[in-house]
Amino acid sequence: MIVGKNILYIEDNPDNMMLVQRALEARGYTLLQAADGQTGVDVAQKEEVDLILLDINLPDIDGYEVARRIRTSGKSALTYVPIIAITANALKGDAEKALAAGCDVYMSKPINIRELWARVEAFVPTDGHSAS
Ligand code: MN
């Protein structure tokens, strides 16, 4: 059986959530879901997470604050876990703010699936092709 790498997606838009879930599960990843920022921080602290996809516009705390809380949570793995920000307003400074808050890279909405796969696999390669 293939054991997927765990990716946490913090996103309040159900259409984006479903799109990303299908795309990543098709590549063997397991998607953990959080529909608001604080839930995302809680899941990151409780679960083994290999990568985080982070929407910036969330209903409670924004993605910048989520990134700061994840980076300073005290769980050592979260100091280094890759965080990909997904921004709707890359031209309005969201991207720079996301990087300053502790995100590693950013992607612009609408989500391009090929770009998503490439960025995720750059951080978390799938090794699901082994025969065992
Ligand atoms: Mn949103």
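Keep in mind the model is a prediction, meaning the values are calculated, not measured.

> Would you mind showing me how to read the coordination of the manganese ion here?
Six octahedral donors around a metal ideally sit at 90 or 180 degrees from one another, while four tetrahedral donors ideally sit at 109.5 degrees. Protein coordination at the manganese ion: the donors are Asp-12 (OD), Asp-55 (OD) and Asn-57 (O), at 2.0 to 2.2 Å from the metal. For the manganese ion, the donor residues sit on a single chain with the sequence spacing D-x42-D-x1-N. Classification of Asp-55 by relative accessible area gives buried; the value is 2%. Here Asn-57 falls in the partly exposed class, since its relative accessible area comes to 42%.

> In this structure, what is going on with the sheet that holds strand S3 (residues 51-55)? I would like to understand it.
One key point about sheets: their strands pair by backbone hydrogen bonds, in either a parallel or an antiparallel sense. The strand order across the open sheet built from five strands is S2-S1-S3-S4-S5, with neighbouring strands paired in parallel fashion. The two strands at the open ends of the sheet, each matched to only one other strand, are strand S2 (30-34) and strand S5 (105-108). Averaged over all neighbouring strand pairs, the angle between strand axes comes to 20 degrees, with direction disregarded. Bridging between strand S4 (residues 83-87) and S5 involves four bridges; their strand directions are parallel. Paired with Thr-87 across the two strands is Ser-108, which belongs to S5.

Cut-offs applied
The numbers attached to residues start from 1 for each chain and follow its sequence in the written order. The model is predicted, so local features are restricted to residues of pLDDT at least 70 and side-chain atom pairs to those at 80 or more, both for listing and for counting; the totals for chains, interfaces and linings are taken over all residues. By convention in this description, side-chain values take in all heavy atoms of the structure and omit both hydrogens and water. Listed donors are limited to N, O and S atoms within 2.8 Å of the metal, widened to 3.2 Å for Na, K and Ca; water is not among them, so incomplete-looking sites are possible. Note on classification: 1.4 Å probe, protein chains only; a residue is buried when its accessible area is under 20% of the maximum for its type, exposed when over 50%, partly exposed between these limits. Strands are treated as partners if at least two bridges between them are detected by DSSP. Here a strand is any run of E in DSSP of at least two residues, a helix any run of H or I of at least four, and the numbering for each starts at the N terminus. Geometry is summarised by axes, namely lines fitted to C-alpha atoms with helices restricted to the contacting stretch, and by angles between N-to-C directions that run from 0 to 180 degrees.

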